[in-house]
Amino acid sequence: MGKRRGHPAFSEGDQEDRRAGGRGRRNGHRGGERAPRKTVAERLEAGEISRDDAVEKAREVVLRILTAAQKSRRELEQSLARKGYPEDVVVQVLDRFGEVGLVDDATYAETIVRTRHAERGLARRGIAAELRRRGIDEDTAVEALDQLDPDDERAAGARLAGKLVTRTRGLDRQVRVRRAVGSLARKGYAPGLAFELVKDALAAEGEETDDLGYAED
């Protein structure tokens, strides 16, 4: 009788174990779950990297972030904390970036005020809310917002109101008013001022507005 060709005999269970082992090796681990990646703080504490290494890594992270977009110090602190950098390393790195002018909350706040007002038509209240979300302290925010002239803010609101009512031309007048006032309010305009600006925009179109009265929903 000739010899049987093929693989040596294995039980069905042995074959399944071999297949499972192969899948595990292909997935990069041999049995059990892959251990979670250590944070920088944990690697530092374990002596796997030096403090200078941690500082350099944090510096590179901040440079990458700032290359993409300007950020406040608070935003950078949060980004580094999420990546597991210890607080003392974060403070050292951001202090240095502040010394060379690459992290400057006052300049950042002024930029936000100018761009949000000029490009998006946001009112003072709307911009103030964004500054808070971005971690700008109150004193810095107030100083940056002082560059907004009330007349300029009203003019920007009037231009925006004109665009908003134009988009709803042909709809019921109350619908037009409600939508435009709501849009202005979301941009930080006080409801009373928003209504006044929308009323003026409708009047400029020739709409009858004498019977319109403002009432908060």
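The structure contained in this document is the topic of the report that follows. (Residues numbered from 1 in each chain as written. Predicted model: local features only at pLDDT ≥ 70, side-chain atom pairs only at ≥ 80, totals over all residues. Heavy atoms only, no water.)

## Examining a negative patch on the surface
Step number 1: On the surface, Asp104, Glu110, Asp137, Glu138, Asp139 and Glu143 cluster together to form a negatively charged patch.
Step number 2: Per-element tally for the negative patch: the top contributor is helix α8 (residues 138-145), with three residues.
Step number 3: Examined against the element boundaries, aspartate 137 turns out to sit in the loop between α7 (124-133) and α8.
Step number 4: Accessibility expressed as a relative area gives 38% for aspartate 137, which makes it partly exposed. (Patch = residues over 30% accessible without salt bridge, like charges linked within 9 Å, V, L, I, M, F, W, Y side chains within 5 Å. Areas by Shrake-Rupley, 256 points an atom, 1.4 Å probe, with all protein chains shown as cover. Salt bridge = Lys/Arg side-chain N within 4 Å of Asp/Glu carboxyl O. Lys, Arg positive; Asp, Glu negative; His and termini not counted. Charge placed at Lys NZ, Arg CZ, Asp CG, Glu CD. Helix = DSSP H or I, 4+ residues; strand = E, 2+ residues; numbered from the N terminus. Buried < 20%, exposed > 50% of the residue type's maximum accessible area, 1.4 Å probe, protein only.)

## Points about helix α3 (residues 51-68)
Step number 1: Taking 1.5 Å as the rise per residue, α3 with 18 residues should run 26 Å; its terminal C-alpha atoms sit 26 Å apart, in good agreement.
Step number 2: Where α3 is buried, its residues contact α2 (40-45), α4 (73-82) and α5 (87-99). (Expected span 1.5 Å × (residues − 1). Contact = heavy atoms within 4.5 Å.)

## Let's talk about the pattern of salt bridges
Step number 1: Applying the stated criterion to the full structure yields 16 salt bridges.
Step number 2: In this structure, arginine 74 and glutamate 77 form a salt bridge, with 3.3 Å as the shortest nitrogen-oxygen distance. Of this pair, arginine 74 and glutamate 77 both sit in helix α4, separated by three residues, roughly a single helical turn.
Step number 3: Residue arginine 74 is classed as partly exposed on the basis of its relative accessible area of 42%.
Step number 4: For glutamate 196, the salt bridge identified is with arginine 154, shortest N-O distance 2.4 Å.

## Side note on the environment of alanine 204
Step number 1: Mapped onto the fold, alanine 204 is located in helix α11 (residues 191-204).
Step number 2: Residue class for alanine 204 comes out exposed when judged on its relative accessible area of 70%.
Step number 3: Along the chain, alanine 204 and glycine 162 lie 42 residues apart, while their C-alpha atoms are 8.6 Å from each other.

## Details of a nonpolar patch on the surface
Step number 1: A contiguous nonpolar surface patch, about 240 Å² in accessible area, is contributed by Leu63, Val100 and Leu102.
Step number 2: Within the element layout of this structure, leucine 63 appears in helix α3.
Step number 3: A relative accessible area of 31% places leucine 63 in the partly exposed class.

## Regarding the packing of helix α6 (residues 105-120) against α8
Step number 1: Where α6 contacts α8, the two axes come as close as 9 Å, and the packing angle between them is 45 degrees. By the angle class used here, α6 and α8 are oblique. Crossing handedness for the pair α6 and α8: right-handed. Between α6 and α8, the contacting residues are Asp105, Ala106, Ala109, Glu110 and Val113 on the first element and Thr140, Ala144 and Leu145 on the second.
Step number 2: Residues of the contact of α6 with α8, tallied by class, amount to five nonpolar, one polar and two charged. (Axes fitted to C-alpha atoms, helices over the stretch in contact; angles between N-to-C directions. Parallel < 35°, antiparallel > 145°, perpendicular 65-115°, else oblique. Left-handed = near helix turned anticlockwise from the far one by under 90°. Nonpolar A, V, L, I, M, F, W, Y, C, P; charged D, E, K, R; others polar.)

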